[in-house]
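Here is what each chain is made of, one letter per residue.
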Number of protein chains: 8
Amino acid sequence: MTNPAPLEVILDLERAARIGLPEAVLCEPKSTAHLISILETLRDTKRRMLFTRLSQAAFDALPIRWKKALDFDVESNTAYYGTLSSAKVERNISRLPQVAIVCAGTSDSRVVKECHRTLKFSNVSATCIFDVGVAGLWRLQQRLEHIRQHKIVIVVAGMDAALPSVLGGLIQSVIIAVPTSTGYGVAAGGHSALHSMLASCAQGITVVNIDNGYGAACAALRLLGNFK
Amino acid sequence: MTNPAPLEVILDLERAARIGLPEAVLCEPKSTAHLISILETLRDTKRRMLFTRLSQAAFDALPIRWKKALDFDVESNTAYYGTLSSAKVERNISRLPQVAIVCAGTSDSRVVKECHRTLKFSNVSATCIFDVGVAGLWRLQQRLEHIRQHKIVIVVAGMDAALPSVLGGLIQSVIIAVPTSTGYGVAAGGHSALHSMLASCAQGITVVNIDNGYGAACAALRLLGNFK
Amino acid sequence: MTNPAPLEVILDLERAARIGLPEAVLCEPKSTAHLISILETLRDTKRRMLFTRLSQAAFDALPIRWKKALDFDVESNTAYYGTLSSAKVERNISRLPQVAIVCAGTSDSRVVKECHRTLKFSNVSATCIFDVGVAGLWRLQQRLEHIRQHKIVIVVAGMDAALPSVLGGLIQSVIIAVPTSTGYGVAAGGHSALHSMLASCAQGITVVNIDNGYGAACAALRLLGNFK
Amino acid sequence: MTNPAPLEVILDLERAARIGLPEAVLCEPKSTAHLISILETLRDTKRRMLFTRLSQAAFDALPIRWKKALDFDVESNTAYYGTLSSAKVERNISRLPQVAIVCAGTSDSRVVKECHRTLKFSNVSATCIFDVGVAGLWRLQQRLEHIRQHKIVIVVAGMDAALPSVLGGLIQSVIIAVPTSTGYGVAAGGHSALHSMLASCAQGITVVNIDNGYGAACAALRLLGNFK
Amino acid sequence: MTNPAPLEVILDLERAARIGLPEAVLCEPKSTAHLISILETLRDTKRRMLFTRLSQAAFDALPIRWKKALDFDVESNTAYYGTLSSAKVERNISRLPQVAIVCAGTSDSRVVKECHRTLKFSNVSATCIFDVGVAGLWRLQQRLEHIRQHKIVIVVAGMDAALPSVLGGLIQSVIIAVPTSTGYGVAAGGHSALHSMLASCAQGITVVNIDNGYGAACAALRLLGNFK
Amino acid sequence: MTNPAPLEVILDLERAARIGLPEAVLCEPKSTAHLISILETLRDTKRRMLFTRLSQAAFDALPIRWKKALDFDVESNTAYYGTLSSAKVERNISRLPQVAIVCAGTSDSRVVKECHRTLKFSNVSATCIFDVGVAGLWRLQQRLEHIRQHKIVIVVAGMDAALPSVLGGLIQSVIIAVPTSTGYGVAAGGHSALHSMLASCAQGITVVNIDNGYGAACAALRLLGNFK
Amino acid sequence: MTNPAPLEVILDLERAARIGLPEAVLCEPKSTAHLISILETLRDTKRRMLFTRLSQAAFDALPIRWKKALDFDVESNTAYYGTLSSAKVERNISRLPQVAIVCAGTSDSRVVKECHRTLKFSNVSATCIFDVGVAGLWRLQQRLEHIRQHKIVIVVAGMDAALPSVLGGLIQSVIIAVPTSTGYGVAAGGHSALHSMLASCAQGITVVNIDNGYGAACAALRLLGNFK
Amino acid sequence: MTNPAPLEVILDLERAARIGLPEAVLCEPKSTAHLISILETLRDTKRRMLFTRLSQAAFDALPIRWKKALDFDVESNTAYYGTLSSAKVERNISRLPQVAIVCAGTSDSRVVKECHRTLKFSNVSATCIFDVGVAGLWRLQQRLEHIRQHKIVIVVAGMDAALPSVLGGLIQSVIIAVPTSTGYGVAAGGHSALHSMLASCAQGITVVNIDNGYGAACAALRLLGNFK
């Protein structure tokens, strides 16, 4: 069969069983037709799915019945298909979450939220801490004891990305750094932040792709899956 | 004559005779006036032509009579002018096509289709295989025997572009790799995918420009023209 | 006092107590005089220290008494000052190490060894697995069950760096990827490998700086310190 | 066993059977100890091997018995281990080789020779044509009929790399382009040549990594293996 | 006076007298208010002016009286303010122009026209020759005698920019090369074309900024001003 | 509390007391909701604030009462919240300002104005001098005595950014250079201007980020705060 | 006279009078013959001079009489020709220097010393503070009161260059940041440090070229010259 | 004949007749064997030749008889083979040369000399003017009348390359700009200088490759050949 149409999407539905992480759909490069085809497969196979980088415009272009079927969050550009099991969501209810997501300012909150929503989709709670940029160090110092109590700290930062270097020297937690494309001039695109994090003078910091809150959450899930 | 207007386009209409490949028109940088001028030349000289990178907007801007004269495909942004000879299209009818076009996910299907449509314009069939990304290796392994039966395998991949490296170590076929601009952060623009393919640890893989499904198809046509 | 000489080095000797990681000395940009000054401080304060990126030439330039005081490894360009406590080294003796260090070929063994020696300096064993490049996928498949039994897998790869993407889809372990500067043309310097790893289609992979085996080991140590 | 030493190299010795191409050893990043270990494995398993990027200095550092066992070529920095079967070498003796290697000037002859020696190691003859740079177009035109008679033309070029674009419009042969790092200023490193070849206005040209004569030869071998 | 408003533009109106070239206004980064202020100055001082990079939108935003006062060309995004002296325009009427503007395809015609209009504004005629891309070398060869008769040849090319290298080896004329941003993938932005031209194997070619048809015309004017 | 919403912004309101510079809000990456939240905090805490990179569209999206509360300047994309104390603004009234802001052409006036408005928000006057580009050196020479009388000269320039190098050799004043993203081809984005300024052959010039008029003003404020 | 030899060097000896800064000789690209010619001019005109980037090898290549005439410092690769006036050197003797030079570790001490020696050549004292990298924040906090007492703080940092961002939020002093090329991988060359500093979230930091301790000192001298 | 050895070099000896420029040999990438082969061809065909980028080491490696046959200049790394006709050399004897080569400092004199020697090889005199960097503008102003009398001005500059922008606004001459790789940090490699020249605010400046004094001379020769 040589005809490229119709595009029946072959989802890697057993991924969760194999590596402990659910597959997610990166919506950005996909057409509305592709997204609908994926949603139909999910409905027919009774699967849940996380959608990332689903813009407001792409969401709006979906038929009304699919829009209703999705739990869409505009700031993080994520959507859930399928229900979150209320039983499991609160497994951390009696104690502090193991994961904190920390960022320097509100400009990076879209990435923080993508990370938070990815964790929540896997029933993992996370503490979000905003506005601890190192230019006003007292804000970080005030929150330090709180941050320190989390075993995993995801640090989201753009521009000079000095926050993970400072935090890295102050806390023992696992640190996963997410550079963001926030900024202008040499900062725009996030490569400055990425390179700062990779070249950090603080030890044992690992890094994911620019703006990849989803990836940082998956790295945390791998960790929690191995070391419960 | 020093006046730059009118722009009469000088097409290289004997190209097919000279190198065995038809000329194609790259529409992206051309104005509607340029495109109409080219179409008029084709009509007057009774030639066929492949148009690439013809956006929906550029197609819509053409007069209705020219829109009707084109076989336009919106996903691949290609159009045919002139008819495909039905006699020749099926010259591979009784056996498997010699060319397979393989990609990791549906995000790259626009490039797969550009490649497929270019081959079809020259009466060459191709098998399209989607969703064999290495992150779910079983999908590739399930299709491996099928892929292996094609003498030429065009591999379309973005982001980390690990697919051609894995395939290159598993099959004997000629492999032509097409990097795509799919992705964000360090992947955006396709340079990461391009560099991965060029630096592949698998041997004897050749590469074309980013998103250049057309070019990969032409490389396959050169090959089929020399080694029938 | 405004005179910049003498340079008395202020080591961050309480770092281990504060963040659970020992300070290390990056030797590359330091003069022989600097290194001797650091060694004298260590001797006087009775501290242990890990030296990284100590070239054969820089080691040779040290006075004989300091050379004797160092446990130098030429392949990884690392040295230990102070003894490893034999009691603790074997705390993993009765079971498989929790950390595996995996690389595609022997070309990257200098980075594997820097990583291995850093872990060993903190009394952590690691399994080293060489030659599982994806261009000969059977080698990886043969070792897969072994690799999978480690909770943390550090993947060292240069050139196209396809290995972490393939592994990431096959195992549940935490994956820390180390790009290397091995290769030529577009691969030289390690940026292609770095970008491939960051743009990996496999989920939840984190990355450290190019050739930074030391950093990957520290990330593993952070993890083991939090999740024993 | 967690000790990284001794490094026993696991060669992918069945590669030839699997994909029709022999494994080769990229010597540049390997120590003398690594090279000797590989040679010992080859001797013990009675295998042949191609070594690439073996510098004069690295060759000189080998023990005398291994130097004698290698057929070393200084210009291409390649060596053969094991004998070439004289019976097979001349399988093309009665007719023109199917492969031509063409370059603009003698500056790129090291890459031409790496390519030629790789082909010869697999018993494939190739015609080498030097000094057909487009700045003296008559030299190319004089050789054009000769070049055209080869089904595969490997074009090696640095600096502006205009040669494959010109050739691509004149001949029907399969064209594999190899950018070289020859030149200075914006040309140094070979990225300008690489980009010119990828962006070529001539159709159906494929490209390999900078200075990768070995890779171009492997691509030709894949092709000849499929289309005899 | 410290108030930055009003912005009275100080034009370098004596530039023509000083260096033989008229000042031009680069419109792209200027607001409508700035453009009107400049036009008022020109009207009050009875000066002529060339406007470059004046988009259709920016032109449309001008008040109707200023639109009428401008000789606007949409393809080249240039406009003339003030009349061309008919007496001088035809000083080349009885003989071939000294300047040819040559390009590979119609995609670059916007740059060709910017160049042509700049020359015309200084009463210099130029021959425009399109569609002589080296992928169809016969088209160039057919026009070669015509091109050769011009003392200055401005070559406009994007993508691989092989045309100036080929022409440079065939003609004695002064060659000024203009890279264009035409193309996609590695070609997009024009840096590949720029680097090809700078690294050209043909001798004595000089280059201007990407898409800078205006600059190439000015270079020709400097030349004609010194060597009449 | 793990819910990332609501985002209550934690402003660093004591920054002025700590480092002598007021905090400013970079609006570009912030949503309308974020901006309103910040304005509400300011109102409730009776603080003044400078907003930068507030586009016309972002300003228009604010509720009418907030638009009225802001002193918005469209060219510089800045806004003041809270009144300027008239008493202090004119502290320089009887003498020349200590700061001059100099630029080559009107294309960079948006950056000049951002700088000027930032200084004014801190009650510092500045002289703005436009159109002293080095291509018409007489314009600079005519203004040189005036420029020289300022202790701090902020030089704003795009493209080749030759102005600070020339000024740097002519005046004793402190020079702070601001590269701009004005231009096209190799100039677009401002990296050429940035690199020219950093590599300037004139001594003692310092540089801020591309288009960062705000940052240059802050550097001047630091200086005036220390050396009154 | 068209002969380029002999090269008589025209020094800008009145520079100090004109802009308050002495000329310095950048030795790196100069031959021994050039350096001797400059020294002879200085001797004949009875001038002092600062030499920068004078490597040990270049110094050793000078004739013995010139070596004796120079006050050479190997760590900073600087040399003084002519005596420092003892009367003036100590003009700051009774109070704290106005300038501090701060760096994260001893790896950057070569740049600190170039800066210190440049200031000293102009009779300006400076306090040097090493080892205050943010990965061990206590070291910075311990020194903060001392640093804060200097009106100008020159911050020298490589790799992630987080130090100026942290300092910038804690002190009111003028901050001049010098990125260094210390580090490997993404840090090598100093571009990561440069970009971090330019994109710093702390306000009013200005930056000089990579490794340019000399330039930072000159910027301080401009400042001290204007604001005594 | 498929054997790549022996490499008989095919020189483009009729180039001078065809395009008015002599061929030159770029020695950098050539082995001693290649150079000798070329010299033998020249001797046998009684041709003259210019050698460029011939390092002292490469020259020293030639046999004594060839060293004697060459007029070698160490600063410019050029050599002449064959005699300069004394009759023609002085054709400009009674008047000022038409070409000036101007540079900012002695650091770029190696490029100035390559340019001067290339012109001299074609019997064209040139005036060399050193040390007119814009940081000491008086030096340029003092020489301006002299420079202005030359119809062609080749400007050689590294680092910020401000000189051609300033000169371009002051003189009517044809200006050919040569960026140099002089400098460190962002200047190293010459890309900053190249981009400054291409983005120059002065009109009608053309540019050649970094350090390409030979190319600038050839451009001048093309010009003089057309406009005598």
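Going by the structure above, here's the rest.
The structure reproduced in this document is the subject of the present report. Fair warning: this is a prediction, and the values are worked out from it, not measured in the lab.

Conventions we followed
Just so you know, the residues in each chain are numbered from 1, in the order the chain's sequence is written. For this description, chains carry letters from A and ligands carry numbers from 1, given in the order in which they are written. Selection of residues for local features in this predicted model requires a pLDDT of at least 70, selection of side-chain atom pairs for listing and counting requires 80 or more, and totals for whole chains, interfaces and linings are taken over all residues. Only heavy atoms go into the side-chain values, all of them from the structure, while hydrogens and water stay out. Starting at the N terminus, helices and strands are each numbered in turn, a helix being any DSSP run of H or I of at least four residues and a strand any DSSP run of E of at least two. A 1.4 Å probe rolled over the protein chains alone gives each residue an accessible area, and that area as a share of the maximum for its type sets the label: buried under 20%, exposed over 50%, partly exposed in between. Pairs of residues are marked as contacts when any of their non-hydrogen atoms sit within 4.5 Å. Exposure was quantified through the Shrake-Rupley algorithm and a 1.4 Å probe, taking into account, for residues, occlusion by the shown protein chains and nothing else. At least two bridges found by DSSP between two strands is the condition for calling them paired. Axis definition: a line fitted to C-alpha atoms, limited for helices to the stretch in contact. Angles are taken between N-to-C directions and run from 0 to 180 degrees. Least-squares superposition of the copies uses the C-alpha atoms of those residues scoring a pLDDT of at least 70 in each of them. Put simply, buried area is how much 1.4 Å-probe accessible surface two parts lose in total, over both of them, once they are put together. Any carboxyl oxygen of Asp or Glu within 4 Å of a side-chain nitrogen of Lys or Arg constitutes a salt bridge here. Only Asp, Glu, Lys and Arg are considered charged in this grouping, and only Ala, Val, Leu, Ile, Met, Phe, Trp, Tyr, Cys and Pro are considered nonpolar; every other residue, Gly among them, is considered polar. Cavities and pockets are defined on a 1 Å grid built over the protein atoms alone: a cavity is a set of grid points where a 1.4 Å probe fits but cannot escape, while a pocket is an open set with protein on both sides within 12 Å along at least five of seven lines, and lining residues are those with an atom within 4 Å of any such point. Grid points are joined across faces, edges and corners, and a volume is the space filled by probe spheres set on the points. A clockwise turn of the near helix away from the far one marks a right-handed crossing, whereas an anticlockwise turn of less than a right angle marks a left-handed crossing. Here a polar contact is taken to be a pair of N or O atoms separated by no more than 3.5 Å, where protein atoms must pair a possible hydrogen donor with a possible acceptor and residues adjacent in sequence count only if both atoms sit in side chains. Consider the strands pointing away from the viewer: the crossover is right-handed when the path from the first strand over the helix to the second runs clockwise. Each helix should span, by expectation, one fewer than its residue count multiplied by 1.5 Å. Ring pairs are drawn from Phe, Tyr and Trp, using the six-membered ring of Trp, whenever the two centres fall within 6.5 Å, and their geometry is named by plane angle: stacked under 30 degrees, edge-to-face over 60, tilted for the rest. Comment: the charge-over-ring label is applied if NZ (Lys) or CZ (Arg) is within 6 Å of the ring centre and within 35 degrees of the ring normal.

## Examining the overall build of chain A
Here comes step 1: What chain A contains, in helices and strands, is ten helices and nine strands.
Here comes step 2: The buried share among the 228 residues of chain A stands at 65%.
Here comes step 3: Residue pairs at least 24 apart in sequence account for 68% of intrachain contacts in chain A once pairs closer than 6 positions are excluded.
Here comes step 4: Carbon together with sulfur atoms contributes 53% to the accessible area of chain A, which is approximately 7,700 Å² in total.

## Topic: the sheet that holds strand E4 (residues 78-81) of chain A
Residues and elements named next belong to chain A.
Here comes step 1: Taking strand neighbours across the sheet as the criterion, the four strands line up as E1-E2-E4-E3 in an open arrangement whose pairing is mixed. Strands at the two margins of the open sheet, each flanked by one partner only, are strand E1 (24-26) and strand E3 (70-73). Within the sheet, the average angular offset between the axes of one strand and its neighbour, ignoring direction, is 20°.
Here comes step 2: Relative to E4, E3 is paired through four bridges, and the arrangement is antiparallel. From the neighbouring strand, Leu70 faces E4, where its bridge partner is Tyr81.
Here comes step 3: Relative to E4, helix H6 (residues 109-121) is tilted by about 15°, and along the sheet it contacts strand E2 (49-52), E3 and E4.

## Considerations on the relation of the copies chain D and chain E
Here comes step 1: Mapping chain D onto chain E is achieved by rotating through 180° and translating by 0.0 Å along the same axis, at an RMSD of 0.0 Å. Taken together, the turn and the small shift mark the pair as related by a two-fold rotation axis. Among all C-alpha atoms of chain D, that of Ala162(D) lies closest to the rotation axis, at 2.4 Å.
Here comes step 2: Counting the interface residues of chain D, we find that 100% of their copies in chain E are interface residues as well, pointing to one common contact surface.

## Overview of the interface of chain A and chain C
Here comes step 1: Counting residues at the interface gives 41 residues for chain A and 41 residues for chain C.
Here comes step 2: Contact with chain C buries area across many residues of chain A, yet Gln203(A), Arg222(A) and Phe227(A) alone supply 26% of it, more than any other trio.
Here comes step 3: Taken together, the links from chain A to chain C amount to zero salt bridges.
Here comes step 4: Of all elements in the fold, only helix H1 (15-19), strand E8 (174-179), helix H9 (191-198), strand E9 (205-207) and helix H10 (213-226) of chain A reach the threshold of two or more residues within the side of chain A that touches chain C.
Here comes step 5: No other element matches H10(A), which puts eight residues into the side of chain A that touches chain C.
Here comes step 6: Taken together, the residues of the side of chain A that touches chain C sort by class into 24 nonpolar, twelve polar and five charged.

## A short note on the layout of surface pockets
Here comes step 1: In this structure, the largest pocket spans a volume of roughly 2,100 Å³.
Here comes step 2: Secondary structure elements with two or more residues in the lining of the largest pocket: H9 of chain A, helix H9 (191-198) of chain B, helix H9 (191-198) of chain C, helix H9 (191-198) of chain D, helix H9 (191-198) of chain E, helix H9 (191-198) of chain F, helix H9 (191-198) of chain G together with helix H9 (191-198) of chain H.
Here comes step 3: Looking at side-chain class alone, the lining of the largest pocket contains 16 nonpolar, 29 polar and no charged residues.

## A look at the pattern of salt bridges
Here comes step 1: Inspection of every chain in the model, using the stated rule, returns 56 salt bridges over all chains.
Here comes step 2: Notably, a salt bridge pairs Arg148(A) with Glu145(A), separated by 2.4 Å at the nearest N-O pair. Residue Arg148(A) and its partner Glu145(A) are both found in helix H7 (residues 137-148); the two are separated by three residues, about one turn of the helix.
Here comes step 3: Between Asp73(H) and Lys113(H) there is a salt bridge, with the nearest N and O atoms lying 3.7 Å from each other. Here Asp73(H) is found in strand E3 (residues 70-73), whereas its partner Lys113(H) is found in helix H6 (residues 109-121), with 40 residues between them in sequence.
Here comes step 4: Overall, the relative accessible area of 13% leaves Lys113(H) in the buried class.
Here comes step 5: Where salt bridges share partners, they join Asp73(A), Glu75(A) and Lys113(A) into one cluster.

## A closer look at the relation of the copies chain A and chain C
Here comes step 1: Least-squares fitting of chain A to chain C yields an RMSD of 0.0 Å, with the superposition described by an axial translation of 0.0 Å and a rotation of 180°.
Here comes step 2: In this assembly the copies share their binding face: 100% of the residues contributing to the interface of chain A also contribute to that of chain C.

## A word on H9(A)
Since the α-helix packs 3.6 residues into each turn, any two residues three or four apart lie on the same face.
Here comes step 1: Burial analysis of H9(A) places seven of its eight residues in the buried class, which makes it a mostly covered element.
Here comes step 2: Three or more residues of H9(A) are buried, namely Ser192(A), Ala193(A), Leu194(A), His195(A), Ser196(A), Met197(A) and Leu198(A).

## Side note on the packing of H6(H) against helix H10 (residues 213-226) of chain H
Packed helices, taken two at a time, are described by their axes: the angle between them and the distance between them.
Residue and element names in this part refer to chain H.
Here comes step 1: Relative to each other, H6 and H10 sit at 40°, their axes nearing to 7 Å. Every pair of crossing elements has a handedness; the one defined by H6 and H10 is right-handed. Residues Val111, Glu114, Cys115, Thr118 and Leu119 of H6 pack against Gly213, Tyr214, Ala216, Ala217, Ala220 and Leu221 of H10.

## Some thoughts on the interface of chain D and chain E
Here comes step 1: Contact with chain D, which involves 21 residues of that partner, is made by 21 residues of chain E.
Here comes step 2: When the two sides are added together, the surface that chain D and chain E hide from each other amounts to roughly 1,800 Å², 69% of it contributed by carbon and sulfur.
Here comes step 3: For chain D, the biggest contributors to the area lost against chain E are Ala135(D), Asp160(D) and Val186(D); these three give 27% of the whole.
Here comes step 4: Taken together, the links from chain D to chain E amount to zero salt bridges.
Here comes step 5: Inspection of the chain D/chain E interface yields five residue pairs in polar contact (both at pLDDT 80 or more).
Here comes step 6: Elements that contribute at least two residues to the side of chain D that touches chain E include exactly helix H7 (137-148), helix H8 (163-168) and H9 of chain D.
Here comes step 7: Looking at the side of chain D that touches chain E residue by residue, the class counts come to 13 nonpolar, seven polar and one charged.

## Structural notes on the sheet that holds strand E3 (residues 70-73) of chain F
Whenever strands of a sheet pair, they do so through backbone hydrogen bonds, lying parallel or antiparallel.
Residues and elements named next belong to chain F.
Here comes step 1: Strand order in the open sheet formed by four strands is E1-E2-E4-E3, and the pairing between neighbours is mixed. If you trace the sheet from one side to the other, it starts and ends with strand E1 (24-26) and E3, each paired once. Neighbour to neighbour, the strand axes of the sheet diverge by 20° on average, direction disregarded.
Here comes step 2: Sitting on the sheet, helix H6 (residues 109-121) is in contact with strand E2 (49-52), E3 and strand E4 (78-81), with an inclination near 15° to E4.

## Section: unusual backbone geometry
Here comes step 1: Residues other than glycine seldom take positive phi values, yet Met159(E) does so here, at roughly 55°.
Here comes step 2: With respect to the element layout, Met159(E) can be found in the loop between strand E7 (152-157) and helix H8 (163-168).
Here comes step 3: Of note in this structure, Asp211(G) is not a glycine but carries a positive phi near 65°.
Here comes step 4: As for its placement among the helices and strands, Asp211(G) is situated in the loop between strand E9 (205-207) and helix H10 (213-226).

## Details of the environment of Ser173(B)
Here comes step 1: Summarising the element assignment, Ser173(B) is placed in the loop between helix H8 (163-168) and strand E8 (174-179).
Here comes step 2: Between the alpha carbons of Ser173(B) and Trp138(B) there is a distance of 20 Å; along the sequence they are 35 residues apart.
Here comes step 3: Excluding residues within four positions of it along the chain, Ser173(B) makes contact with Ile147(B), Arg148(B), His150(B), Lys151(B), Val153(B), Arg222(D) and Asn226(D).
Here comes step 4: From its side chain, Ser173(B) meets the backbone oxygen of His150(B) in a polar contact 2.7 Å long.

## Structural notes on the pairing of strand E6 (residues 126-129) of chain B
Here comes step 1: Burial along E6(B) is two-sided: Ala126(B) and Cys128(B) facing one way and Thr127(B) and Ile129(B) facing the other are all buried.
Here comes step 2: Considered for its hand, the β-α-β crossover made up of strand E5 (residues 99-103) of chain B, helix H6 (residues 109-121) of chain B and E6(B) is right-handed.

## Points about helix H6 (residues 109-121) of chain G
Residue and element names in this part refer to chain G.
Here comes step 1: Between its first and last C-alpha atoms H6 spans 18 Å; for 13 residues at 1.5 Å apiece the expected length is 18 Å, and the two agree.
Here comes step 2: Burial within H6 is extensive, with eleven of its 13 residues counted as buried.
Here comes step 3: For H6, every residue scored as buried is listed here: Ser109, Val111, Val112, Lys113, Glu114, Cys115, His116, Arg117, Thr118, Leu119 and Phe121.
Here comes step 4: The first or second residue beyond H6 is Asn123, which carries a positive phi of 65°.

## Examining the packing of aromatic side chains
Here comes step 1: Throughout the structure, instances matching the rule amount to 28 aromatic pairs over all chains.
Here comes step 2: Centroid distance Phe59(H) to Phe72(H): 4.2 Å. Interplanar angle 10°. Geometry classified as stacked. Pair noted here: Phe59(H) is in helix H3 (residues 56-60) and Phe72(H) is in strand E3, with a separation of 13 residues, a long-range link.
Here comes step 3: Lying over the aromatic face of Phe121(A), Arg48(A) brings its terminal NZ or CZ to 4.0 Å of the ring centre.
Here comes step 4: One cation-aromatic arrangement involves Arg117(H) over Tyr80(H); the distance from NZ or CZ to the ring centre is 4.0 Å.

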